[in-house]
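Survey of secondary and tertiary structure
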Amino acid sequence: MASPNRNARSAVVLGRLLGIAFLVCFGTGIYSHLLQQPFPGMRFPTRPVQLYQFTQGLHITAGIAIIPLLLAKLNTVMPALVQVPPVRGVLHLLERLSIAVLVSAAIVQVGTGLLNTYQWYPFPFPFKQVHNALAYVIIGSLIVHVAVKLRVIVRYWRARDSYDEQGRFVPDTTVGSELLPPSADREARLDPAMPAAATQAATAYPRGLTGRVLRWVDGAPAAAPAPPPGRRRPSAGRGR
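The structure reproduced in this document is the subject of the present report.

**Some points on the overall build of the protein**
- Per the secondary structure count, the protein includes nine helices and zero strands.
- Residue pairs at least 24 apart in sequence account for 61% of intrachain contacts in the protein once pairs closer than 6 positions are excluded.
- Carbon and sulfur atoms provide 66% of the accessible area of the protein, an area that totals close to 15400 Å².

Structure representation (structure tokens):
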């Protein structure tokens, strides 16, 4: 869970690929839907004759590509999804609800779409109508998500703005990303006798029960308890 690959740059790159795949699926899906249920007066080209085969092949390919991309994106942003506290206010609650709608709708969409390629319909609702309606739900929630994360997306859109000369991720606390390394005040809570490598590992986790569970999963050292307010640890080499 403390992998350095779980950062804002990785989330932006995977989100960019997911956005492209969703838009390709949306465009080709709308084209297929209108071919089957056109509005009055609509006309479509009949040449080349392989046009529908191409668009539907592209639709299915992009739809299947969404599955690993969505899993990779969820894996990357997992520290933000399990943060403590889970909700920090009304706006944060609305943001997390939009993410929940996007993820759940995407899972249902790609799952039922994959079953449709096998012409197997074990679900108790009409595939065509639900598949078409969920497409608009996904695109709408995707627009909301991009609008909320726009500052983070712009900041980490290019690799050269995301890493320093040594290839280390450059955190920026001004853009509101939830996938940043811990701040210096968290390092002050650790035991000063803890080795530097252990200190870095222990500060890479969220606070509270979630952080303790994730440290246990990774086998990382536990963080020392915070000192009482108003007291400071004595500096090394200085007597009382």
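**Some points on the side chain of Asp172**
- If you trace the backbone, Asp172 turns up in the loop between helix H6 (150-155) and helix H7 (184-187).
- A polar atom in the side chain of Asp172 sits 2.6 Å from the side chain of Thr174.

**Brief notes about the environment of Leu102**
- Along the polypeptide, Leu102 turns up in helix H4 (residues 90-117).
- Placed 39 residues apart in sequence, Leu102 and Ser141 show a C-alpha to C-alpha distance of 5.5 Å.
- Once residues lying within four places of it in the same chain are set aside, the contact partners of Leu102 are Ile138, Ser141, Leu142 and His145.

**Structural notes on the pattern of salt bridges**
- Applying the stated criterion across every chain yields a total of six salt bridges.
- Among the charged side chains, a network of salt bridges with common partners joins Arg88, Glu95, Lys149 and Glu178.

**Thoughts on helix H1 (residues 8-36)**
- Over its 29 residues, H1 extends 41 Å from the first C-alpha to the last, a length consistent with the 42 Å expected when each residue adds 1.5 Å.
- Residue Asn7 occupies the N-cap position of H1, its side-chain oxygen lying 3.1 Å from the main-chain nitrogen of Arg9.

**A few points about the packing of aromatic side chains**
- With the rule as written, the count across this model stands at eight aromatic pairs.
- Measuring from centroid to centroid gives 5.9 Å for Tyr31 and Phe44, while their planes differ by 80 degrees, and the two rings are edge-to-face. Taken as a pair, Tyr31 in helix H1 and Phe44 in the loop between H1 and helix H2 (51-76) lie far apart in primary sequence, 13 residues in all.
- Ring centres 5.1 Å apart and planes at 25 degrees place the aromatic pair Tyr156 and Phe169 in the stacked group. Of this pair, Tyr156 sits in the loop between H6 and H7 while Phe169 is found in the loop between H6 and H7, placing the two residues 13 residues apart along the sequence. Per residue, the accessibility class of Tyr156 equals that of Phe169, and both read buried.
- Pairwise contacts between aromatic rings join Tyr121, Phe123, Phe125 and Phe127 into one cluster.
- Here the basic side chain of Arg16 rests over the ring of Trp157, its NZ or CZ set 4.3 Å away from the ring centre.

**Considering the side chain of Thr112**
- Here Thr112 lies in helix H4.
- A distance of 2.7 Å separates the side chain of Thr112 from the backbone oxygen of Val108, its partner in a polar contact.
- Excluding residues that lie within four positions of it along the chain, Thr112 makes contacts with Phe123, Phe125, Phe127 and His131.

**Things to note about the nonpolar core**
- Within the largest apolar cluster, 16 residues are counted, with the highest numbers of intra-cluster contacts made by Leu18, Phe22, Ile66, Leu70, Ala106 and Ile138.
- Elements with a contribution of two residues or more to this core: H1, H2, H4 and helix H5 (127-148).
- Top contributing element to this core by residue count: H1, with five residues.
- If we skip the residues at most four places from it in the chain, Ala106 touches Phe22, Leu70 and Ile138.

Cut-offs and rules
- Residues numbered from 1 in each chain as written.
- Predicted model: local features only at pLDDT ≥ 70, side-chain atom pairs only at ≥ 80, totals over all residues.
- Heavy atoms only, no water.
- Helix = DSSP H or I, 4+ residues; strand = E, 2+ residues; numbered from the N terminus.
- Contact = heavy atoms within 4.5 Å.
- Areas by Shrake-Rupley, 256 points an atom, 1.4 Å probe, with all protein chains shown as cover.
- Polar contact = N/O pair within 3.5 Å; in protein donor to acceptor, adjacent residues only side chain to side chain.
- Salt bridge = Lys/Arg side-chain N within 4 Å of Asp/Glu carboxyl O.
- Expected span 1.5 Å × (residues − 1).
- Phe/Tyr/Trp six-rings, centres within 6.5 Å; stacked < 30°, edge-to-face > 60°.
- Buried < 20%, exposed > 50% of the residue type's maximum accessible area, 1.4 Å probe, protein only.
- Lys NZ or Arg CZ within 6 Å of the ring centre and 35° of its normal.
- Core = buried A, V, L, I, M, F, W, Y, C linked by side-chain atoms within 4.5 Å.

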